[in-house]
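Topology and contacts: notes
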Amino acid sequence: MKDDLKTFIHNLPKAELHLHIEGTLEPELLFVLAERNSVKLPYTSIEAARKTYNFSSLQDFLNTYYQCARVLLHEQDFYDLTLAYLKRVASQNVRHAEIFFDPQTHTAHGVAFETMLDGITGALQDGKREPGISSELILCFLRDLSAKSAMETLRQALPYKDCIIAVGLDSSEIGNPPGKFREVFDLARTEGFLCVAHAGEEGPPGYIREALDILKVVRIDHGVKCQQDETLMQRLIDTQIPLTICPLSNIKLRIFDKMRDHNFKYLLERGLCVTINSDDPAYFGGYIEENYIDLQQALELTREQLAQAAKNSFTASFLGDTEKQRYIDEIDRL
Ligand code: ADE
Ligand code: ZN
């Protein structure tokens, strides 16, 4: 790749819209927290942990991801995790991040809702000053657990409405369609949360339609399977409902065999509002800049297409219109 294109990608102001905070747990911090909290790990070393990060499917990855998340026990752990992420991506010119967290992963082994929320929001507050990244928080329900459990989680979140902008849906997709969470999302919307959902990552295009029709989401996370349904494609073009696409994740979880097979460029050229994101960067081999670079190299994206992806990231964000325009103008001046 030409150096000037790498510099161009670096210089693009970027918004990260699909990032699981638990997925930023690098093996180095994993070992620090395991030691600090006396949690036994199934790895003998940092290198050994990294070596095992080869996944055959979403479920195969999730097994590792949930196991590693067990080292997160105290407010300070969540604070350290979140601030480390913000510091890292500030050096990639990320200006704004909308971050997922999975409360049920932690409450299942005795961590209080407040503990994780205070740790994460403390770091997000501090991160607004230094390194200077604006942020929002999105609470994700684990779709392989019951709707009842999701409803209990939503009720726990109600006192914290001020610091959670949206609810989302993640974890094992196949067999857990969006419609399972109709009532939970109905209540979430009534309570003023925006709604997003993972759909069409491994699951069929019908799950994307359910997320739109039943959960009334304003954004689809992943959504790459929309290509299999031309009527849905047209709907996504017409409505400009954004897709938060995660290229490295899609390769690591075998959604596409190779980056050259990825449909990002096709979707962009058809006029969908597609964005580039990192999902679980500690496990998938790269943060947002690496996602832009690998995708550009494989699909030969032009400068204009890279700029469009970055502009889309702000358009698709939950920022106000004035701020969105400020970033879009900045990209246009590059
Ligand atoms: N949780 C963390 N990463 C995820 C992904 N890519 N899909 C579904 N759930 C997730
Ligand atoms: Zn995800």
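What this report covers is the structure whose coordinates are included nearby. As the structure is a computational prediction, the values presented were derived from the model and not from experiment.

**A short note on the coordination of the zinc ion (ligand 2)**
- Summarising the metal site, the zinc ion (ligand 2) is bound by the protein donors His18 (NE2), His20 (NE2), His198 (NE2) and Asp279 (OD), whose distances to it range over 2.1 to 2.3 Å.
- Coordination geometry of the zinc ion (ligand 2): the 4 donor atoms subtend angles of 82 to 174° at the metal centre, consistent with an arrangement described as irregular.
- The sequence motif formed by the donor residues of the zinc ion (ligand 2) is H-x1-H-x177-H-x80-D. A residue pair is termed long-range when its members are at least 10 positions apart, and His198 in strand β5 (residues 194–199) and Asp279 in the loop between β8 (274–276) and α14 (281–284) qualify at 81 residues.

**Some details on the pattern of salt bridges**
- A complete count under the given rule lists 16 salt bridges for this structure.
- Residue Arg95 pairs with Glu330 through a salt bridge whose shortest N-O separation is 2.7 Å. With a gap of 235 residues between them, Arg95 in strand β2 (residues 94–101) and Glu330 in helix α17 (residues 321–332) connect regions that are remote in the sequence.
- Exposure remark for Arg95: the relative accessible area of 21% places this residue in the partly exposed category.
- Accessibility expressed as a relative area gives 22% for Glu330, which makes it partly exposed.
- The salt bridge partner of Asp229 is Arg209, with a shortest N-O separation of 2.8 Å.

**With respect to unusual backbone geometry**
- Pro131 follows Glu130 through a cis peptide bond whose omega is 15°.
- Relative to the assigned elements, Pro131 resides in the loop between α7 (113–129) and β3 (134–142).
- In this structure, Asp279 is a non-glycine residue whose phi angle is positive, near 65°.
- On the basis of relative accessibility, which here comes to 2%, the residue Asp279 falls in the buried class.
- Here Glu300, not a glycine, exhibits a phi torsion of approximately 55°, which is positive.
- Relative to the helices and strands, Glu300 resides in the loop between α15 (288–299) and α16 (303–315).
- A residue is classified by how much of its surface remains accessible, and Glu300, at 60% relative accessible area, is exposed.

**As for the site of ligand 1**
- Looking at ligand 1, the residues that line it are His20, Leu58, Phe61, Leu62, Tyr65, Asp170, Ser171, His198, Glu201, His222, Asp279 and Asp280.
- At a separation of 3.4 Å, a nitrogen atom of ligand 1 approaches a polar side-chain atom of His222.
- Separating a nitrogen atom of ligand 1 from a side-chain N or O atom of Asp279 is a distance of 2.7 Å.
- Among the detected pockets, ligand 1 sits in the largest cavity.
- A per-element tally of the shell around ligand 1 places helix α4 (residues 58–68) first, with 4 residues.

Definitions and limits used
Residues numbered from 1 in each chain as written. Chains lettered and ligands numbered in written order. Predicted model: local features only at pLDDT ≥ 70, side-chain atom pairs only at ≥ 80, totals over all residues. Heavy atoms only, no water. Donors = N, O, S within 2.8 Å, 3.2 Å for Na, K, Ca; no water. Tetrahedral: all angles 85-135°; square planar, octahedral: opposite > 155°, others 65-115°. Helix = DSSP H or I, 4+ residues; strand = E, 2+ residues; numbered from the N terminus. Salt bridge = Lys/Arg side-chain N within 4 Å of Asp/Glu carboxyl O. Buried < 20%, exposed > 50% of the residue type's maximum accessible area, 1.4 Å probe, protein only. Near = heavy atom within 4 Å. Polar contact = N/O pair within 3.5 Å; in protein donor to acceptor, adjacent residues only side chain to side chain. 1 Å grid on protein atoms, 1.4 Å probe; cavity = no way out; pocket = protein on both sides within 12 Å on 5 of 7 lines; lining within 4 Å. Sits in = over half its atoms within 2 Å of the grid points.

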